[in-house]
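Coordinate analysis (summary)
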Amino acid sequence: MFSKKIIKKLRSQEWLYHILLVARDLWSYFSSTIRGSFSQYGEDKFVCDYFSDKEEGRYLDIGASHPFRISNTYSLYRRGWKGITVEPIPHLVELHKKWRPRDEIIPEAVGCNSGSLNFFEMVPSVLSTLDKETANQYIEDNSAILFKEYQITVRAIADLMEYAFSDGPVDFMSIDIEGMDALLIESIDLEKYRPGLICVEANDA
């Protein structure tokens, strides 16, 4: 594997970086297909079993990152489900449009309140976050390096839930926003908006 510093340098060479990403994605797709899971820890196997009697359904994937690498919803997509994926990083948004045309991709971040905030795009991109403390911790732990910091649009979770449920119930919701997951859960009105199943990243719980 390339080191994080090498990957960061390669990103300035867009044509070469694109070739490497295509090769990585194809390898990841086929290896995940053989493994029978696209999630990080096999969460999608549990989710698919939980909804085994439901051929069609809807999901809301907040902090979706890549359309199928370490994805909790791609296995459902392959089964015929569709939904809303939320991801602010531009090149990942374009990949969602390519790989998951049935889904609606929202190119924003999600927080407790709407507005704009500094976004810390990391290498690897799956560790990107709105939370400066989390970004600094990743850098200190050598889990990631900062690619760039910039402002992005943030949609309030209350507005997103209202929009997502306007087309009917959401069966499954996945939340992975690196360091702000608990705050987001606490801000959801679960009396008004009640997904059938929620998956939240809590690696350090």
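Since this is a predicted model, take the numbers as computed values, not measurements.

Restricting attention to buried positions, one finds in helix 7 (residues 157-165) the residues Ile157, Leu160, Met161, Ala164 and Phe165. In an axial view of helix 7, the angular spread of the buried residues amounts to 120°, which keeps them on one side of the axis.

A word on the sheet that holds strand 5 (residues 115-123). Ordered by their spatial adjacency, three strands build an open sheet running 4-6-5, and the pairing between neighbours is mixed. Strands at the two margins of the open sheet, each flanked by one partner only, are strand 4 (109-111) and strand 5. Each adjacent strand pair in this sheet contributes to an overall mean axis angle of 50°, direction not counted. Here strand 4 runs beside strand 6 (residues 145-156); their pairing, made up of three bridges, is parallel. From the neighbouring strand, Ala109 faces strand 6, where its bridge partner is Val154. Against the sheet, helix 7 engages strand 4 and strand 6, with an angle of about 65° to strand 6.

Looking at the element boundaries, Asp25 is found in helix 2 (residues 14-35). Assessed through its relative accessible area of 6%, Asp25 is described here as buried. Reaching out from Asp25, the side chain makes a polar contact with the side chain of His66 at a distance of 3.1 Å. If we ignore the near neighbours within four places in the chain, the residues touching Asp25 are His66, Phe68, Arg69 and Leu95.

What counts and what doesn't
- In this numbering scheme, every chain counts its residues from 1 along its sequence in written order.
- Two thresholds apply to this predicted model, a pLDDT of at least 70 for residue-level local features and 80 or more for giving and counting side-chain atom pairs, whereas whole-chain, interface and lining totals are computed over all residues.
- As a convention, hydrogens and water are excluded, and side-chain values are obtained from all of the structure's heavy atoms.
- Three labels apply to residues, based on accessible area from a 1.4 Å probe with only protein chains included: buried if under 20% of the type maximum, exposed if over 50%, partly exposed otherwise in between.
- Labels follow the DSSP assignment, with helices taken as runs of H or I lasting at least four residues and strands as runs of E lasting at least two, numbered in each case from the N terminus.
- Each direction from the helix axis to a C-beta atom contributes to the arc, which is the arc of those directions.
- Strands were regarded as paired on the criterion that DSSP finds at least two bridges between them.
- Structural elements are reduced to axes, namely lines fitted to C-alpha atoms, with helices fitted over the stretch in contact, and the angle between N-to-C directions of any two is expressed from 0 to 180 degrees.
- Whether two residues touch is decided by their heavy atoms; if any such pair falls within 4.5 Å, the residues are in contact.
- Identification of polar contacts relies on pairs of N or O atoms within 3.5 Å, with a donor-acceptor requirement for protein atoms, meaning one able to donate a hydrogen and the other able to accept it, and with residues adjacent in sequence counted only if both atoms are side-chain atoms.

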